[in-house]
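Listed below, chain by chain, are the residues.
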Number of protein chains: 4
Amino acid sequence: MTDRRHVAFLGLGVMGYPMARHLTTRGHSVSVYNRTASRAERFCADFPARLAATPRLAAEGADFVFSCVGNDDDLRSVTLGETGAFAGMKGGAVFVDHTTTSAKVARELFAVAKKSGLGFVDAPVSGGQSGAEKGALTVMCGGAAEDYARAEPVIASYARACRHMGPSGAGQLTKMVNQIAIAGLVQSLSEALHFAEHAGLDAAAAIDLIKNGAAQSWQMENRTATMLKGEFDHGFAVEWMRKDLAICMEEARRNGSRLPVAALVDQFYAEVENIGGKRWDTSSLFALLKRSAWNLT
Amino acid sequence: MTDRRHVAFLGLGVMGYPMARHLTTRGHSVSVYNRTASRAERFCADFPARLAATPRLAAEGADFVFSCVGNDDDLRSVTLGETGAFAGMKGGAVFVDHTTTSAKVARELFAVAKKSGLGFVDAPVSGGQSGAEKGALTVMCGGAAEDYARAEPVIASYARACRHMGPSGAGQLTKMVNQIAIAGLVQSLSEALHFAEHAGLDAAAAIDLIKNGAAQSWQMENRTATMLKGEFDHGFAVEWMRKDLAICMEEARRNGSRLPVAALVDQFYAEVENIGGKRWDTSSLFALLKRSAWNLT
Amino acid sequence: MTDRRHVAFLGLGVMGYPMARHLTTRGHSVSVYNRTASRAERFCADFPARLAATPRLAAEGADFVFSCVGNDDDLRSVTLGETGAFAGMKGGAVFVDHTTTSAKVARELFAVAKKSGLGFVDAPVSGGQSGAEKGALTVMCGGAAEDYARAEPVIASYARACRHMGPSGAGQLTKMVNQIAIAGLVQSLSEALHFAEHAGLDAAAAIDLIKNGAAQSWQMENRTATMLKGEFDHGFAVEWMRKDLAICMEEARRNGSRLPVAALVDQFYAEVENIGGKRWDTSSLFALLKRSAWNLT
Amino acid sequence: MTDRRHVAFLGLGVMGYPMARHLTTRGHSVSVYNRTASRAERFCADFPARLAATPRLAAEGADFVFSCVGNDDDLRSVTLGETGAFAGMKGGAVFVDHTTTSAKVARELFAVAKKSGLGFVDAPVSGGQSGAEKGALTVMCGGAAEDYARAEPVIASYARACRHMGPSGAGQLTKMVNQIAIAGLVQSLSEALHFAEHAGLDAAAAIDLIKNGAAQSWQMENRTATMLKGEFDHGFAVEWMRKDLAICMEEARRNGSRLPVAALVDQFYAEVENIGGKRWDTSSLFALLKRSAWNLT
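Residues numbered from 1 in each chain as written. Chains lettered and ligands numbered in written order. Predicted model: local features only at pLDDT ≥ 70, side-chain atom pairs only at ≥ 80, totals over all residues. Heavy atoms only, no water.

(A) A look at the overall build of chain A. Per the secondary structure count, chain A includes 14 helices and nine strands. Taken over the C-alpha trace, chain A has a radius of gyration of 20 Å; the compact-globule value for 297 residues is 19 Å, and the two agree within 12%. Its C-alpha atoms give chain A principal-axis dimensions of about 65 × 45 × 35 Å. The buried share among the 297 residues of chain A stands at 63%. A separation threshold of at least 6 residues defines the contact pool for chain A, and within that pool the share at least 24 residues apart is 67%. (Helix = DSSP H or I, 4+ residues; strand = E, 2+ residues; numbered from the N terminus. Rg over C-alpha atoms; globule rule 2.2 N^0.38 Å. Buried < 20%, exposed > 50% of the residue type's maximum accessible area, 1.4 Å probe, protein only. Contact = heavy atoms within 4.5 Å.)

If you want it as structure tokens, here you go:
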């Protein structure tokens, strides 16, 4: 059990809500802010937490301020300006951002925070909604080692694995590595299932056998059944994946790396969006290949 | 322990040699044939086996004849014609082919075998050389159920998993599903590692963290270390992967399925071959992305 | 006007029919063979030509035998065997094949022909049905220079451009260069039109302006209007393009070249086939991008 | 001959320098500004033009202000702020921007200009350095029809084709259509040449023949010779192409279109940059395929 801390949580979406709940369960003193206030009100009705009208008010007096919002702009809006958290934080407090953002905004905010005597840790997560609910997220952190060290026991409230990957931005960069690894993997799995069906095989049985070997992946073990049933209303949404891949492509442009398959799969995801799949799980690449059969337009 | 059987093994390459060895260890009465006779002679010197000058001579009197050769044409040459195994096999005997071939040749030979009162099971494997040596291969089988049922206990000599996937050709088709799933997966892993290095991350540490989640794969767990060191003199050779992908692409053309990423990655493998990597492991897609850094031409 | 020759034409499809007609117009003495005899009968009713029941009978006495059939196997069947043209041709006669085939079969038949004292020129064409009708084809030839020199004046009956590209197979290889150049070009044009429409531009006006510059192509000038109208019932059929691309990919595998975009576009053509476009023009890649809008399945 | 006008030209790079020169030749009264002043000084030494220390000073009294700078940020810096052109322009004057930028910045500046009683026409060009020097550019315009109508006779000083494509941003969007059409076309041409060489053909002769038909393109006619010689120190630089493709990809993301081949080719361009080709012509995609042969790293 860690020490009881004063903490704030900004952004109570499908990820942030259960993460903030774990903080209350661990006995921390929690204040919350959410853009749509009703959701924050519900949180305060269900769990021992204080409702704050602005990020700044939530952040006042807190040792740690956590955020899990939508994108770079959202992050800027909860940290900077008159009502932003930085304006309310006390000297030495640490801001921990769980949003998946560009490394650029992470470094910008790190620099701003430092000037005000604050810490800033970029700490994107993987594990999805179910990982957040079970408190079993993987957290990839960038920033000053001492800030990380202080924040780590609190982050542990909802993490199964948490690591300091390097200076500011390193957390975001690690998350990008994760998304890049997934993109082509899911497409290949989709092609494999698509081929299996066209070849007249029992696709589930084929996967059940080959998952013992070199083709095995988490996606193969955890997504094959739903893919074959055409169920995509779960998991990590295509529109979020595209947001993340856009960040990856831009960073790759900056650092001189090449991502041919990630770039291509991103365009396939654009097609998933075209057929109505913005909110479908990333495994819905399979839906494109099934399209004729399913009569999707 | 299964019953002692008379078996023949045709093709003592890096896969076939240890597979045949397991048959002797299990107590079966083994005759062997290899195109390059010296290798068969060595086998007979090391293990209790009978040397045969032709596939036909090896097959005479055998209950089961196994083969593990190079490609469709090699398989035809050890089964058909005057000196082929079919000419020597006794009625009711079963030919089990472990070569990765087209489904077409498997069905052709199944039909030919049937006319002669023989069984034919297509039974490609995965698990590579180390799987063959440890007797821990995954075997994917197609053919008549009764032939499979009789062969299964003998195949078990070197298999960790063995399954009947359907009629003749189904084993080969399942192997294709395996190779298709691997192609884009390895490319995505390569892109992820390449990006990690360009981003200034400790790539090994990044993988070590993200392998807890949705990006996890056998390749990530078993190939990252060698990839980062630039070691590719092991594993499954690019030229074999290309042979297999050619079979996949042709079958896809026939059955109307689409494999955009597999088709693209096959062309990347062509580039690996161009830079001298015919014998490198499939994970050498990473070498293409590293090229400038490593000064490869 | 060239000398009057005895010629045979094998294969009176959409290409061969008008090509053979041009031979009669130029005053050559023509015998014809077609697998579906009724079509050959119609030809003989319309034009001064002799009907032959087999390729061999058509070829007897001819100075030149032309063919324009479907694929490698079709070509073998009209040249080889008891009823094949080679069996009927007189010493010194030249077989000119206008089919798009593999370079391999061209070389095989060249060798067979040579042994019988015959010439064999591989001479695939481009220009499509309208080029055939207008006698304005481009003909790419491989084979012995002297055979080419003798055949050239007769080929000129339906060619706008005709050239000897090198030894046996060189004609086919040149045709492959043509198809490879077209594949990605048409896809890029499709992406450009698709983007123009999504951007709210008058796509036709945009093309009309940019075709003055570095983006110009024959496809842009001749296919934009029909693409924008969704008309694809004309031109060069997707299933023929895929046949040709399969030949290209196999030859590339043999000669060690890499065709990443051709490989990818071939898979997009597979999708065109899936939505019912086997017979559509190659420009129908655009249909895939329009799909949602047009409600195609 | 058009009326003599007071005009300003901002940005005297490889494109802007000759464009501004044409304005002086046509008799317009020209003031110039360039970030690196020495280049503007040289211009004023060579041609009848007035040197201005800031965009604002150049713009004072002008009927039309032209710009040709690097990117969105450069454009903002020469138009906005204390020393920007907008601050100096008189009511009713029109700003014509020849930079290739995002449609977004064009619309932003159009709105800002409108509030100040100014016109803003986005007018990117194609035709490259040689087109600029010969006064033979293609100019694609967006903005208010009346502003375009007034600017058109002055733009004609260096244009072969100039057209109003629609409201603000339409010029930039048309330029994007142009770049998208080029990307895959050049890659396909590169693959065709690469294949031709590996096939043992005389690649130049092959292109010379097929350029009569459906594979023809401006690139094929104007770039084949230099590509085959490995000459890329000319034309349109890869780093500019990548800047443009990044704009295309972002706009496509916004408007819901899909550009799979453009996305992939952009990654190939990243590889060209990796091997030292930032300044090479776009046709240098061929260099990647030749790499082993040329021993590039």
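(B) Quick look at the relation of the copies chain C and chain D. For the pair chain C and chain D, the relating rotation is 180°, the translation along its axis is 0.0 Å, and the fit reaches an RMSD of 0.0 Å. One copy is carried onto the other by what is essentially a two-fold rotation axis. Looking at the interface residues of chain C, 100% of them are also at the interface in chain D, so both copies use one shared face. (Least-squares fit on C-alpha atoms with pLDDT ≥ 70 in both.)

(C) A look at the packing of helix α9 (residues 170-198) of chain D against helix α12 (residues 238-255) of chain D. Residue and element names in this part refer to chain D. In contact at an axis separation of 10 Å, α9 and α12 are set at 110° when each is read in the N-to-C sense. The angle between α9 and α12 places the two elements in the roughly perpendicular class. Crossing geometry of α9 relative to α12 is assigned as left-handed. Contacts between α9 and α12 pair L173, K175, M176, Q179, I180, I182 and A183 from the former with M241, D244, L245, I247, C248 and E251 from the latter. For the contact of α9 with α12, the per-class residue count stands at nine nonpolar, one polar and three charged. (Axes fitted to C-alpha atoms, helices over the stretch in contact; angles between N-to-C directions. Parallel < 35°, antiparallel > 145°, perpendicular 65-115°, else oblique. Left-handed = near helix turned anticlockwise from the far one by under 90°. Nonpolar A, V, L, I, M, F, W, Y, C, P; charged D, E, K, R; others polar.)

(D) Spatial organisation of the domain arrangement of chain A. Residues and elements named next belong to chain A. Splitting chain A by domain gives domain 1 (6-167) and domain 2 (173-294). Between domain 1 and domain 2, the residue contacts involve 13 residues of the former and 11 residues of the latter. When domain 1 packs against domain 2, close to 950 Å² is buried across both sides, 61% of that on carbon and sulfur atoms. Between the two partners, domain 1 and domain 2, sit zero salt bridges. Counting the contacts that link domain 1 with domain 2 gives four residue pairs in polar contact (both at pLDDT 80 or more). (Domains from an automatic or database assignment. Buried area = accessible area lost by both parts, 1.4 Å probe. Salt bridge = Lys/Arg side-chain N within 4 Å of Asp/Glu carboxyl O. Polar contact = N/O pair within 3.5 Å; in protein donor to acceptor, adjacent residues only side chain to side chain.)

(E) Here's a closer look at the UniProt feature "active site" (unreviewed entry) in chain A. Residues and elements named next belong to chain A. Look at the UniProt record and you will see "active site" (unreviewed entry) annotated at K175. Here K175 is to be found in helix α9 (residues 170-198). The contact partners of K175, leaving out residues within four places of it in the chain, are T100, P124, V125, M140 and D244. (UniProt positions renumbered as here; feature names shortened; annotations may be inferred.)

(F) A look at the interface of chain A and chain B. Contacts between chain A and chain B engage 61 residues on the former and 61 residues on the latter. Our count for the chain A to chain B interface comes out at two salt bridges. Where D208(B) meets R163(A), a salt bridge forms, and the shortest distance between an N and an O atom there is 3.1 Å. One can count 25 residue pairs in polar contact (both at pLDDT 80 or more) joining chain A with chain B. Per-element accounting of the side of chain A that touches chain B gives the leading share, 20 residues, to α9(A). Residues belonging to the side of chain A that touches chain B are distributed by class as follows: 38 nonpolar, 16 polar and seven charged.

(G) Quick look at the relation of the copies chain A and chain B. Mapping chain A onto chain B calls for a rotation angle of 180° and an axial translation of 0.0 Å; the resulting RMSD is 0.0 Å. Take the interface residues of chain A: 100% of them recur as interface residues in chain B, which is what a same-surface contact looks like.

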